[in-house]
Amino acid sequence: MTKPFIAELVKRMSLREKAAQMTQLTPLFFGLEEDMDLTGPLGEKQLKPDDMKHVGSVLGVYDASKFIRLQRKHLEENPYGIPLMNLCDVTHGLRTVFPIPLAMGCSFDMEAVKQSAAVAARESAYMGIHVTYAPMGDLVRDPRWGRVMESPGEDTYLNARFVESMVAGFQGDDPRSPEKVGACFKHFAGYGAAEGGRDYNTVDLSRGVLREYHLPAYLAAVRAGALMAMTSFNTVERIPATVNKWLLRDVLRKEWQFAGAVVSDFNSIDEVICHGVAADGKEAAYKSVTAGLDIEMMSTHYLNELEQLVAAGEVNEALIDQSVIRVLELKDRLGLFENPYKDCDPAKSEEVNLSPEHRRIARDVARKSIVLLKNEDVLPLAKRGKIGLAGPFAESRKVLGGWWALGKAEECVSLKEGLIQAAPGVEIVTAMTGELERIRNGGDVKDEVADAVDTLRDCETVIVAVGEHMEDTGEACSKTELRLSPNQRKLIEALSEAGKKLIMIVFSGRPLVLEEAEARSAALVQAWFLGNESGNALADVLFGDYNPSGRLSMSFPRSIGQIPVYYNRLNTGRPQKSESDKDFVSSYLDSSNSPLFPFGYGLSYSRFEYSGLSLSEDALTASVQVENVSSVGGTETVQWYIRDIAASVSRPVKELKHFEKVSLQAGEKRTLHLKITKEMLSFYADSSSDPVFEPGEFQIMAGRHSEDISGITVRIEEI
Ligand code: GLC
């Protein structure tokens, strides 16, 4: 039911004023820069002098004082007193930057994820930000796509848990509360399936696959109460998501009962023309508004076309009113009509940004996001003696990852700084730690490598900090080469040939192709981009002050040629019976089918044994014993998978249905249980909107990762 004051406002607004309320522009357009005139950007967008006082929202004011000035000016000029809404991209922290979401997905610790969002919300609220364009719930299977860094990973269940935790952290019980912001989930829908891993490329998914794998995370955001949704750049069934009525009206509004506001992605209404689904801006505006897109980000077809469309009888003004009401209701849910400045407070913002408490939380989340991939008894390191340190990330502070918001490299802790702070007694000998720019450039490093080997001649063990440049990850950063750069590979090879024990630390925003590096390393640590506390978190793990507990949220391919390689695959009609089985089965002549490291994989300094997988009498509760058989206390992420052996459509060979982190002291044993629910056994049989349960045989599996599990097969007739 629309509040009377909102209905009254809409009644008083002209059609152009409504169109302006449905428009979102960057600060440049709001005339804060005195020399703003209509010949510049405003002119390009055919904006009229009066328009700006009616524009509904601004994209990207990351400055409390600036926002106060902007809001004050806006309220003076807007005749209805409608406040401006400020939306920003705070995806893994604002000034205190947390690990990239793909790394936080590896924590499998949803409390930690929620905490990271709560810190981000606190810093954002005092900055004058009302809504963040996060969480991103796009399911990803192709590391060539630079935006895998923004995703929780390749699994439907984990992505859904991650997204709901982020929404809870951002919004709390009520986003109008102090230190909370609204959440806008994205990119609806299926953006992560871009063909070839090439950003903005075609997405072509069946409805069944879209519903089974890609939509659940967005649905989780809706169920968690996210205030907004953002449409994706890509097509869904050859219709751009931005104008896709099935997606926006049938699924989002009707099936999911989403009552929030829907915003386009940047200029994506205009891009409907490029997609070839609108002849011009007028048709793009028509298709967008009839699909139910409420806010046009950084294009102005609503402003320039809606009046004519209504005048021509092609669009009913009532449809536009529905969108304007959703925009005003969003501002009302944020409390902006009562207090247009909400928590905006420059002094408070300075006080909380990067506070010791926030850094402490960031360090904790970072440690939990690190994944130990290999360890031939070289880790943890002793805090004494001499150790070599080489590679472009050894001393670099460019570890924030993509979408770093207000993060500053100079406020990050480098790996070397972390090592020194954690173990001042260790003698660190550095070599070839030159800046990241060398990563991108080839060039002859023969002499430098020889010097490095010579410099490190007395170091038996060498930490080699390698990876990809953080500005090569994120939006519009797709790559066809995922191995380490040639000069890094040359350094690794030379040190390996010199007989050094190599501890490889990989800094990346995506799974890189590490087969060569892995073969030459005694230990391999996936460091992702961990944000401000990177060096401290890594030192905690390397010296054993924190027992690594991260598990991969995305498979690591052996080669580019394997992509896409993911754990919850279909069986096919000719599955391999063994690695060596290559005769007329689904396999490669020149490679294994399995990834280098599978989903859910990660090592610890402890060792956990699983036993006694069993089912209750009614077969609806599974149990398994987990024992810490080592002498080191640690945390295991127990993973539960289910397979539907035979159904009306082919079902994955396994699907993660539950995970539980359990901390066990040395020698401690614990029995864990899984209550099997109908939801766990149900799936989308075709494009029907509701998941179905089909009686039959199911395999219930438990274990330490997707390729190291044991299972029990059981027939379940009803549940
Ligand atoms: C970008 C991204 C989107 C972001 C938006 C606003 O193009 O696709 O994730 O939220 O524009 O910056």
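Given the structure is predicted, the values throughout are model-derived calculations rather than measurements.

Colleague: Sorry if this is basic, but what is going on with the pairing of strand 19 (residues 634-644) here?
Modeller: A regular strand places its side chains so that they alternate between the two faces of the sheet. For strand 19, the tally of buried residues reaches 11 of 11 residues, placing the bulk of the element in the interior. Judged by which residues are buried, strand 19 turns out to be covered on both faces: Gly 634, Glu 636, Val 638, Trp 640, Ile 642 and Asp 644 on one side and Thr 635, Thr 637, Gln 639, Tyr 641 and Arg 643 on the other are all buried. The pairing of strand 19 with strand 20 (residues 655-664) spans 9 bridges and is antiparallel. Bridge pairing in strand 20 places Val 638 opposite Glu 660. Where strand 19 lies against strand 22 (residues 696-705), 6 bridges are found, and the strand directions are antiparallel. For Arg 643, the partnering residue across the bridge sits in strand 22 and is Gln 699.

Colleague: What's the story with the sheet that holds strand 22 in this structure? I'm lost.
Modeller: Strand pairing in a sheet relies on backbone hydrogen bonds, with the paired strands running either antiparallel or parallel. The strand order across the open sheet formed by 4 strands is 20-19-22-23, and the pairing between neighbours is antiparallel. Both outer strands of the open sheet, strand 20 and strand 23 (708-716), are each paired with one neighbouring strand and no more. Each neighbouring strand pair of the sheet contributes to a mean axis angle of 20°, computed without reference to strand direction.

Colleague: What exactly am I supposed to notice about the packing of aromatic side chains here?
Modeller: A ring pair, where both rings are aromatic, is described by two values, the distance of the centres and the angle of the planes. Scanning the entire structure with this criterion turns up 20 aromatic pairs. Aromatic pair Trp 145 and Tyr 191: ring centres 4.8 Å apart, planes at 75°, arrangement edge-to-face. Within this pair, whereas Trp 145 is found in the loop between strand 4 (131-132) and helix 7 (156-171), its partner Tyr 191 is found in the loop between strand 5 (182-188) and helix 8 (207-223), the two being separated by 46 residues in sequence. Judged by relative accessible area, which is 1%, Trp 145 ranks as buried. Ring centres of Tyr 191 and Phe 233 lie 5.9 Å apart, and the angle between their planes is 75°; on these two criteria the pair is classed as edge-to-face. With Tyr 191 in the loop between strand 5 and helix 8 and Phe 233 in the loop between strand 6 (228-231) and strand 7 (235-236), this pair connects stretches of sequence that are 42 residues apart. When sorted by exposure, Tyr 191 lands in the same class as Phe 233, which is buried.

Colleague: Sorry, what's going on with the sheet that holds strand 14 (residues 461-467) here?
Modeller: Taken in spatial order, the 6 strands line up as 11-16-15-14-12-13 in an open sheet, and their pairing is mixed. Each edge of the open sheet carries a strand with a single partner, namely strand 11 (371-375) and strand 13 (427-431). Strand-to-strand, the axes of this sheet are offset by a mean angle of 20°, without reference to chain direction. Two elements, strand 14 and strand 15 (residues 501-507), share 7 bridges in a ladder whose sense is parallel. Paired with Val 462 across the two strands is Leu 502, which belongs to strand 15.

Colleague: Before we go on, may I ask you to explain the pairing of strand 5 in this structure?
Modeller: Of all 7 residues that make up strand 5, 7 are buried, and the element is covered over most of its length. When strand 4 meets strand 5, the two strands line up parallel, connected through 2 bridges. Residue pairing in the sheet places Val 131 in a bridge with Gly 182 of strand 5. Handedness of the crossover joining strand 4 and strand 5 through helix 7 is recorded here as right-handed. Pairing of strand 5 with strand 6, which is carried by 3 bridges, proceeds in the parallel orientation. Residue pairing across strands places Cys 184 opposite Met 228, the latter belonging to strand 6. In terms of handedness, the path from strand 5 via helix 8 over to strand 6 forms a crossover that is right-handed.

Colleague: Would you mind going over the domain arrangement of the protein with me for this structure?
Modeller: Interface size is often expressed as the accessible area that is lost when the parts come together. Per the domain assignment, the segments of the protein are domain 1 (18-84 + 235-252 + 261-333), domain 2 (362-562) and domain 3 (608-716). Distance from the C-alpha centre of domain 1 to the C-alpha centre of domain 2: 44 Å.

Colleague: Hey, could you run me through the pattern of salt bridges in this one?
Modeller: Where charged atoms from two side chains of opposite charge approach closely, those side chains can pair. Tallied over the full model, the rule gives 52 salt bridges. When the shortest N-O distance is used, the salt bridge between Arg 397 and Glu 417 registers 2.2 Å. On the criterion of sequence distance, the pair formed by Arg 397 in the loop between strand 12 (386-390) and helix 16 (415-422) and Glu 417 in helix 16 is long-range, its members being 20 residues apart. By relative accessible area, Arg 397 is classed as partly exposed at 33%. We classify Glu 417 as partly exposed; its relative accessible area is 24%. Residues Asp 454 and Arg 457 are paired through a salt bridge, measuring 3.3 Å at the closest nitrogen-oxygen approach.

Colleague: Can you walk me through the nonpolar core in this structure?
Modeller: Nonpolar side chains in soluble globular proteins tend to be buried together. One finds Phe 185, Phe 188, Met 228 and Leu 252 to be the most contacted residues of the largest nonpolar core, which totals 121 residues. Tallying contributions element by element places helix 6 (residues 110-127) first for this core, with 9 residues. Split by domain, this core shows at least three residues from each of two domains, domain 1 (18-84 + 235-252 + 261-333) and domain 3 (608-716). Non-local contacts of Phe 185, meaning those with residues more than four positions away in its chain, are made with Ala 134, Pro 135, Tyr 218, Ala 221, Val 222, Ala 226, Met 228, Ala 229, Met 230, Leu 252 and Phe 258. Listed in part, the 83 residues of the second largest apolar core include Trp 145, Leu 372, Ile 505 and Val 525.

The rules behind these values
Residues numbered from 1 in each chain as written. Predicted model: local features only at pLDDT ≥ 70, side-chain atom pairs only at ≥ 80, totals over all residues. Heavy atoms only, no water. Buried < 20%, exposed > 50% of the residue type's maximum accessible area, 1.4 Å probe, protein only. Helix = DSSP H or I, 4+ residues; strand = E, 2+ residues; numbered from the N terminus. Pairing = 2+ DSSP bridges. Axes fitted to C-alpha atoms, helices over the stretch in contact; angles between N-to-C directions. Phe/Tyr/Trp six-rings, centres within 6.5 Å; stacked < 30°, edge-to-face > 60°. Right-handed = clockwise from strand over helix to strand, strands pointing away. Domains from an automatic or database assignment. Salt bridge = Lys/Arg side-chain N within 4 Å of Asp/Glu carboxyl O. Core = buried A, V, L, I, M, F, W, Y, C linked by side-chain atoms within 4.5 Å. Contact = heavy atoms within 4.5 Å.

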